[in-house]
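The lines below spell out each chain.
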Amino acid sequence: MMGLFSRKKEAFVCPLAGTLLTLENVPDEVFAKKMMGDGFAVDPSDGKVYAPVSGVIKAAFPTKHAIGIEAKDGTEILIHIGMDTVELNGEGFTSHISEGMKIKQGDLMMEVDLAFVKSKGKPVITPVVFTGGQKITVNKANHTVKALEEDIIDIK
C-alpha cells in the first residue's frame with residue numbers, strides 16, 4: 001500500500017497551446033527523422049511557452065529559439081521554437097529563464113511574437129524532443145491542445 005506522503009510521478013504537460021503534431025510533420029529533416037530524439041511538435045496558437053515539467057534549465061540559448069530542460073527524474077527535453085529561428089538572434093522572443101535556473105511545471109519560460117516570426121518567413125512549428133532515447137506515442141495528433149494539458153503523449 002502506498003504511504004500517505006508518496007507523490008505520484010509528475011505528468012508531462014504540453015508546453016504550448018496549439019495543434020499537436022507528430023514529429024514526422026515538422027518541416028525540418030533533423031526533427032522529422034528523429035535524429036535528435038523522439039517527441040512531438042505543436043503548431044502554436046499562442047506565443048507563451050511553459051515548463052512541461054519541474055527541473056532545471058540546462059540550456060538557455062542567447063538566441064532564445066531553444067530551451068533545454070532536465071526534469072527532476074533526469075529526462076532531458078529540448079523545446080525548439082520554430083524553424084530556422086536561430087537566425088532571428090532573439091528578436092521577437094522574450095525569455096523568462098536563465099541557464100541553471102530551477103523551474104516548476106507551469107512556469108512561463110518564453111514569450112514569442114508569433115506574427116513577427118511568421119513575418120520573417122519562419123515556420124512557428126515547435127518540436128519538443130526527448131533527447132535521452134525515450135519512445136513517444138502522440139495521443140492527440142492533429143487535435144487542438146491547451147498549454148499545460150496532460151495526457152497528450154505516452155513516454156516509454
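Residues numbered from 1 in each chain as written. Predicted model: local features only at pLDDT ≥ 70, side-chain atom pairs only at ≥ 80, totals over all residues. Heavy atoms only, no water.

## Quick notes on the sheet that holds strand 2 (residues 38-44)
By way of backbone hydrogen bonds, the strands of a sheet pair with one another, either parallel or antiparallel.
No. 1: A sheet is described by the order of its strands in space; here eight strands give the open sequence 8-4-5-6-10-2-1-12, paired in antiparallel fashion. In this open sheet, the two edge strands, each paired with only one partner strand, are strand 8 (102-103) and strand 12 (144-145).
No. 2: Here strand 1 (residues 18-22) pairs with strand 2 via five bridges, running antiparallel. Within strand 2, the residue paired with Thr19 across the bridge is Asp43. (Pairing = 2+ DSSP bridges. Helix = DSSP H or I, 4+ residues; strand = E, 2+ residues; numbered from the N terminus.)

## Observations concerning the packing of aromatic side chains
No. 1: Tallied over the entire structure, the rule returns two aromatic pairs.
No. 2: On the basis of an interplanar angle of 85° and a centroid distance of 5.9 Å, the ring pair of Phe12 and Phe40 is categorised as edge-to-face. Of this pair, Phe12 sits in the segment before strand 1 while Phe40 sits in strand 2, and the two are 28 residues apart along the sequence.
No. 3: On the basis of relative accessible area, Phe40 is assigned to the buried category, the value being 0%.
No. 4: Residues Phe12 and Phe130 carry aromatic rings whose centres are separated by 5.2 Å and whose planes lie at 55° to one another, so their mutual orientation is tilted. With Phe12 in the segment before strand 1 and Phe130 in strand 10 (residues 126-130), this residue pair connects regions lying 118 residues apart in the sequence. Phe130 matches Phe12 in its accessibility class, with the two residues each being buried.
No. 5: Three or more aromatic residues joined by ring pairs make a cluster, and in this case those are Phe12, Phe40 and Phe130. (Phe/Tyr/Trp six-rings, centres within 6.5 Å; stacked < 30°, edge-to-face > 60°. Buried < 20%, exposed > 50% of the residue type's maximum accessible area, 1.4 Å probe, protein only.)

## Overview of the nonpolar core
No. 1: Within the largest apolar cluster, 34 residues are counted, with the highest numbers of intra-cluster contacts made by Phe12, Phe40, Val49, Ile67, Ile69 and Met109.
No. 2: Put simply, the parts of the chain that give this core at least two residues each are strand 2, strand 5 (66-71), strand 6 (76-80), strand 9 (108-112), helix 2 (114-119), strand 10 and strand 11 (136-138).
No. 3: One finds Leu21, Ala41, Met83 and Ile125 within the second-largest nonpolar core, a separate group that totals ten residues. (Core = buried A, V, L, I, M, F, W, Y, C linked by side-chain atoms within 4.5 Å.)

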